[in-house]
Amino acid sequence: MPTSLDRHRNILDFALSSLLRRKWKNLSLLMIYTLIVFVIASLIFFVQALKLEAGLLLTNAPDMVVQRMAAGRHDLIPLSYMEKIQSIRGVGEVVPRLWGYYFDPVFGANYTLQVPNIDPPEPGNVMIGSGVARNQRIASGDVMAFRAHDRTPLLLQVEKIFSHESELLTADLVLLSETDFQALFNLPKLRFTDLAVTVANPRELVTIASKISEQLPDTRPILKSEILRTYDSLFDWRGGMMIVVLAGAVLAFLIFAWDKATGLSAEERKEIGILKSIGWETADVLLLKFWEGAAISLTAFLSGVVLAYIHIFFFSAGLFEHALTGWSVLYPQFRLRPVIDGYQLAVLFFLSVLPYTAATIVPAWMAATMDPDSALRS
Amino acid sequence: MRKSTGFYLLIVFHLAVLIFLYLHSSHSQIAGQAAHQHRVGLVKELGLTDLCLFTEARYTRHPAMADLHAPFQDHPGAFEHFPSGSLVTPPIR
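Residues numbered from 1 in each chain as written. Chains lettered and ligands numbered in written order. Predicted model: local features only at pLDDT ≥ 70, side-chain atom pairs only at ≥ 80, totals over all residues.

### Some remarks on the interface of chain B and chain A
Here is step 1 of the chain: Chain B puts 52 residues into the contact, and the matching count from chain A is 64 residues.
Here is step 2 of the chain: Counting residues per element, the ones that place at least two in the side of chain B that touches chain A are α1 (3-31), α2 (33-46) and α3 (58-61) of chain B.
Here is step 3 of the chain: A per-element tally of the side of chain B that touches chain A places α1(B) first, with 14 residues.
Here is step 4 of the chain: Along the lines of polarity and charge, the residues of the side of chain B that touches chain A split into 27 nonpolar, 15 polar and 10 charged. (Contact = placed C-beta atoms within 7 Å. Helix = DSSP H or I, 4+ residues; strand = E, 2+ residues; numbered from the N terminus. Nonpolar A, V, L, I, M, F, W, Y, C, P; charged D, E, K, R; others polar.)

### Description of the environment of A:Val329
Residue and element names in this part refer to chain A.
Here is step 1 of the chain: Summarising the element assignment, Val329 is placed in the loop between α12 (321-325) and α13 (342-368).
Here is step 2 of the chain: Considered as a pair, Val329 and Tyr33 are 296 residues apart in the sequence and their alpha carbons are 35 Å apart.
Here is step 3 of the chain: Those residues in contact with Val329 that sit more than four places away from it in its chain are Phe107, Gly108, Ala109 and Asn135.

### A look at the nonpolar core
Residue and element names in this part refer to chain A.
Here is step 1 of the chain: With 103 residues, the main nonpolar core has Val37, Val126 and Val174 as its most contacted residues.
Here is step 2 of the chain: With 16 residues, helix α11 (residues 282-314) is the largest single contributor of residues to this core.
Here is step 3 of the chain: Excluding residues within four positions of it along the chain, Val174 makes contact with Tyr111, Leu113, Val126, Ile128 and Val132. (Core = buried A, V, L, I, M, F, W, Y, C linked by C-beta atoms within 7 Å. Buried ≥ 20, exposed ≤ 12 C-beta atoms within 10 Å, placed from the backbone.)

### A short note on unusual backbone geometry
Backbone geometry follows two general trends: most residues other than glycine have a negative phi, and most peptide bonds adopt the trans configuration.
Here is step 1 of the chain: For A:Asn186, which is not glycine, the phi dihedral falls at a positive 55°.
Here is step 2 of the chain: One can find A:Asn186 in the loop between α6 (178-185) and β10 (191-192).

### Quick look at the packing of helix α1 (residues 4-21) of chain A against α1(B)
Here is step 1 of the chain: The N-to-C vectors of α1(A) and α1(B) enclose an angle of 90°; their axes lie 8 Å apart at closest approach. On the basis of their axis angle, the class for α1(A) and α1(B) is roughly perpendicular. Contact residues: A:Arg9, A:Leu12, A:Asp13, A:Leu16 and A:Ser17 in α1(A); B:Lys3, B:Ser4 and B:Phe7 in α1(B). (Axes fitted to C-alpha atoms, helices over the stretch in contact; angles between N-to-C directions. Parallel < 35°, antiparallel > 145°, perpendicular 65-115°, else oblique.)

### Concerning α13(A)
Here is step 1 of the chain: Over its 27 residues, α13(A) extends 37 Å from the first C-alpha to the last, a length consistent with the 39 Å expected when each residue adds 1.5 Å.
Here is step 2 of the chain: Every buried residue of α13(A) is listed here: A:Leu348, A:Ser352, A:Val353, A:Tyr356, A:Thr357, A:Thr360, A:Ile361, A:Ala364, A:Ala367 and A:Ala368. (Expected span 1.5 Å × (residues − 1).)

### Side note on the pairing of strand β1 (residues 64-70) of chain A
All names here are of chain A.
Here is step 1 of the chain: Sheet analysis places β1 next to strand β11 (residues 194-199), joined by 3 bridges and oriented antiparallel. Note on β11: the bridge partner recorded for Met64 is Val197.
Here is step 2 of the chain: The sheet contact formed by β1 and strand β12 (residues 219-223) spans 5 bridges and is antiparallel. In the strand pairing of β12, Gln67 is matched with Arg220.
Here is step 3 of the chain: Bridge count between β1 and strand β2 (residues 73-75): 3 bridges; the pairing is antiparallel. When the bridges of β2 are listed, Met69 appears paired with His74. (Pairing = 2+ DSSP bridges.)

In short, geometric facts, not functional conclusions.
As structure tokens, then:
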């Protein structure tokens, strides 16, 4: 006696034969559907992995960074500000930071130059990120040329190149001594880029920030929570590029669904008429159309997700590289730690597989409820 | 072989690959722990505030430190000049 499972299997056999009869149409449909899922799933994987990495790394950033503002712009902060902040109750440590940007006119790249507070290089030496080394084609022990503020050349020897694994943080970084930093930029004495503030009790951060703003009204305290929020809103779906990619993918999907939902072809309508006339019930026809839709959408979803994972985590999001590089000459070549967010994938599943399957069933239901004679004649 | 059997095999194959990829991601999290700790150490030691994602402009290189008050050039979400600026939105206050 045939069971319900056998009935489903028989109908699935018939649905697959039906799909294979229109092989090229359905194959192209499957390919484009897979491509849409691939693009959206790639974005999900990339953004999730990047946000997770940013969150894990930047929880170790300074508790607060205090910048001085002048005429609405970031300005150098004097040492006296450091002493005032230090005197506020609850403040642990205040460390002045010296960092800035250097545009290399020869290689056309921007570097971030920083004087480390712990173990800075000896004057005349630099530690560089692997992105800088790749850009300039230099190795440890080579000499790196800079142009100082007065256009005199400053030659510094590469003491160390940061490992490739840290490229997400250090690709464009050049660490140098305070003496060389001053020789390069000639900053006013006892002035720094900003101050890194450590607070003993993290719950007092907001209070201390407001005290700093009160006592030093021309400063802007940036809390660690704000740094983390910045990276949380990175690649936000409202962002320019994201909305373009997502809108393209969603519009393409809507065209599919619209094509399906606006009706069946005369051939499909005739097929339903024949099936009804040889004894198929409306429920059987609907089941047939459900399996046709499910076969295409399920295959497209699974293939799209698998390909997206391979693209992001095995090929370092190669297809997104041009969009991410923009006009920059120095681009970090990092490989993200893979992460699969089940919730995001479930949302993608419900937004791609279910609407398509539903869009397949609705016109079939309309045709299946018609009289077989009129379905054949139409 | 029945067509439905072929379809089931295809779905099972895809699901097996997905399970393998899930295991791969879990394994990579553990295997990459040493490199991750190295990066955490760098952030602490150098007091870093930003990831090096886009080097083309200072407000995309250090979005967390970007000047939020100057219009037209210097903050994320301003009239855009650099392509990567469209990927960085202002932080939610």
